[in-house]
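Letter by letter, the chains look like this.
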Amino acid sequence: MLQKILTFFQKETVLSISAILAILSMFIVHPSGKYLSYIDFRTLSLLFCLMSIVAGLSEIGLFDYLAEILSRANSIKSIIVLLVLLCFFFSMIITNDVALITFVPLAIIILKKMSEKQKNYWILRTVVMQTIAANLGSMLTPIGNPQNLYLYARANMSALALIRLMLPYSIAALVLLLVWIQIAGSTTENHISELFSIHKTKAPNQISLIGYLILFLICLLVVAHIIDYKISFILVIGYIFFKNWHLFKKVDYSLLLTFTALFIFIGNLKCIPQFNHFLISIIDGHETLTAILSSQIISNVPAAILLSGFTKNYSALIIGTNIGGLGTLIASMASLISFKYIAKEKATLRGKYFMMFTIANIVFLILLLLCINLL
C-alpha cells in the first residue's frame, strides 16, 4: 500500500502537493458550502473542453500533418522560433493556457522527429520557452489572461491603456526569447535535412477537422465572454460522445484535480484573518513587488483577486501579477499544463524540466525586474 502511494506521488507530484495543501488548509477553514465558490468552474470547463478538442485534432492527424509542413523549414532555429512565437502571439488572443494546450503537443510531435541527440536537447528547452512565451505574451492584452481581465475591468481601464502599460515589458520579453533561442541554437547542428525523418502524412479528414475547429472557435468565444461556458461544455460533451467517446479517456483529469485542489487551498488562505492583516501591513507602496512575491505562492490570478482588495494601484498590480507569472511552477497555473505534457511524454524528464524551468524563469524574472526599475 505504501509503495503504491509513493509511486502515485512520484507520478503525480504536483497533484499530490496541491491536495496536501488543500487538506491542510481545511483544518484552519473547515469545509462548508462556500467551498463551491472557491472553484472556478469556468476555467475547469474550458480546460476540459480544450483538452478534449486537442485530443480529437491529434487523433485525426492534424498535428502530424502540421509537423510535416513545419519540418520543411531550412533550420532548427527557424522551427524553434516559430514554435515559441506561436505561443507568444497567440496567447494574446486565446490566453496563455489555451496557447500551451494547443502548441506544446505540436512542439513535442515535431521535436520527436529529430535525431535522438537533438530531440533530448530541444524538447525541454523548447517547452520551457513556450511556457515563458505564453505567460509573457498574454500580458499585453485584456483577454490574454484571467488576471488582466479582472484587473482591467476593476480599474475601469481602456484596452489601449492596458496595452500601453504592458507594451515595454512585452517587447523586452520578445527580445529575451529571441536572444535565448540564438544562444541555445549556437551549440547544436542546424541543418534540418539531416535531423528529420520526413515522410508524407495524410491530410486530416475535412469534416472532422471542421467540427473540431468550430468547437475550438466556440471555446474562444467563451474566453472572450461572448458565450457562456456551459454552452461550450454541453456542445463538446455531445459532439465527442457521438463522434468518438474514447477521446474522454485522453483528457488529463489529474490536471483538473490539481486546479481544483489549488482553488480550495487559495480560497481558504483568503479566509484567514492573520493572512489578510499581514497583506495590509506590507502592500502599501510595494504593490508590484508584493504581487510578484504573492504570485510565487498562490499563483498570479488569485494574487490579483486577493491584492485588489487592499489597494487601488491597479496598474502596479497588473504589472506585478503579469511578471509574477514567472518564477515557481505555480506562479502561473498555465505552467502546470506544460509540466503535465512533459511528465506524460517521459516521466524521467520531470526533474530536468523542473530544474530548467525554474532557472529560466528566475533569469527572465530578474531581467524583467530590471526593466521595471528602468521604466
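Residues numbered from 1 in each chain as written. Predicted model: local features only at pLDDT ≥ 70, side-chain atom pairs only at ≥ 80, totals over all residues. Heavy atoms only, no water.

Draft legend 1. Structural view of the overall build of the protein chain. Broken down by element type, the protein chain carries 19 helices and zero strands. Taken against the 2.2 N^0.38 rule, which gives 21 Å for 375 residues, the C-alpha radius of gyration of the protein chain at 21 Å falls within 12% of a compact globule. Seen through its C-alpha atoms, the protein chain measures out along the principal axes to roughly 60 × 50 × 50 Å. In the protein chain, which comprises 375 residues, the proportion classed as buried is 54%. Look at the contacts in the protein chain between residues 6 or more apart in sequence, and 81% of them connect residues 24 or more apart. Element-wise, carbon and sulfur atoms account for 70% of the exposed surface of the protein chain, whose accessible area totals about 17,400 Å². Measuring between centres, the 26 positive side-chain charges of the protein chain sit 3 Å from its 14 negative side-chain charges. (Helix = DSSP H or I, 4+ residues; strand = E, 2+ residues; numbered from the N terminus. Rg over C-alpha atoms; globule rule 2.2 N^0.38 Å. Buried < 20%, exposed > 50% of the residue type's maximum accessible area, 1.4 Å probe, protein only. Contact = heavy atoms within 4.5 Å. Areas by Shrake-Rupley, 256 points an atom, 1.4 Å probe, with all protein chains shown as cover. Lys, Arg positive; Asp, Glu negative; His and termini not counted. Charge placed at Lys NZ, Arg CZ, Asp CG, Glu CD.)

Draft legend 2. Expanded view of the confidence of the model for the protein chain. Per-residue pLDDT for the protein chain has a mean of 82; in total, 91% of the residues score no lower than 70. For the protein chain, per-element mean pLDDT is lowest for helix α5 (residues 62–70), which scores 70, and highest for helix α17 (residues 314–323), which scores 92. (pLDDT = per-residue confidence, 0-100.)

Draft legend 3. View of the packing of helix α9 (residues 146–154) against α17. Close contact between α9 and α17 brings their axes to 10 Å; oriented N to C, the two are set at 175°. In terms of orientation, α9 lies roughly antiparallel with respect to α17. Residue-level inspection shows Gln147, Asn148, Leu151 and Arg154 of α9 in contact with α17, the latter providing Tyr314, Leu317, Ile318, Thr321 and Asn322. (Axes fitted to C-alpha atoms, helices over the stretch in contact; angles between N-to-C directions. Parallel < 35°, antiparallel > 145°, perpendicular 65-115°, else oblique.)

Draft legend 4. The arrangement of the environment of Lys312 in detail. Structurally, the position occupied by Lys312 is in the loop between α16 (300–307) and α17. In this structure Lys312 comes out as exposed when scored by relative accessible area, which is 67%. In the structure, Lys312 is positioned 28 residues away from Asp284 in sequence and 9.9 Å away in space, judged by C-alpha atoms.

Draft legend 5. Quick peek at helix α13 (residues 253–269). Spanning 17 residues, α13 covers 25 Å between terminal C-alpha atoms, matching the ideal 24 Å at 1.5 Å per step. Within α13, 15 of the 17 residues are buried, which leaves it mostly tucked inside the rest of the structure. (Expected span 1.5 Å × (residues − 1).)

Draft legend 6. Here's a closer look at helix α19 (residues 350–374). Between its first and last C-alpha atoms α19 spans 36 Å; for 25 residues at 1.5 Å apiece the expected length is 36 Å, and the two agree. All buried positions along α19 are accounted for by Arg350, Tyr353, Phe357, Ala360, Asn361, Phe364, Leu365, Leu368 and Ile372.

Draft legend 7. Highlighting the nonpolar core. Core analysis: the biggest nonpolar cluster contains 120 residues, and Met129, Ile132 and Leu136 have the highest contact counts within it. Considering every element that reaches this core, the biggest residue donor is helix α7 (residues 96–111), with 12 residues. Each residue touching Leu136, except ones within four places of it in the same chain, is listed here: Phe88, Ser170, Ala173, Leu326, Phe364 and Leu368. (Core = buried A, V, L, I, M, F, W, Y, C linked by side-chain atoms within 4.5 Å.)

Draft legend 8. Seen up close, unusual backbone geometry. Within the chain, Asn156 stands out as a residue other than glycine whose phi angle is a positive 55°. Relative to the assigned elements, Asn156 resides in the loop between α9 and α10 (159–185). Here Asn156 falls in the exposed class, since its relative accessible area comes to 72%.

Draft legend 9. Structural detail: the state of the cysteines. By the definition in use, this model includes zero disulfides. Summary of cysteine pairing: Cys49 is not part of a disulfide, and the nearest cysteine sulfur, belonging to Cys219, is at 4.7 Å. Under the relative-accessibility criterion, Cys49 is labelled buried at 0%. (Disulfide = S-S within 2.5 Å.)

Draft legend 10. Main features of the packing of α9 against α16. For the pair α9 and α16, interaxial distance at closest approach is 8 Å and the crossing angle is 15°. Overall, the two elements α9 and α16 adopt an arrangement that is roughly parallel. Note that α9 runs across α16; the crossing there is left-handed. Mapping the contact onto sequence places Pro146, Gln147, Tyr150 and Leu151 in α9 and Asn300, Val301, Ala304 and Ile305 in α16. A class-by-class count of the residues in the contact of α9 with α16 yields six nonpolar, two polar and no charged. (Left-handed = near helix turned anticlockwise from the far one by under 90°. Nonpolar A, V, L, I, M, F, W, Y, C, P; charged D, E, K, R; others polar.)

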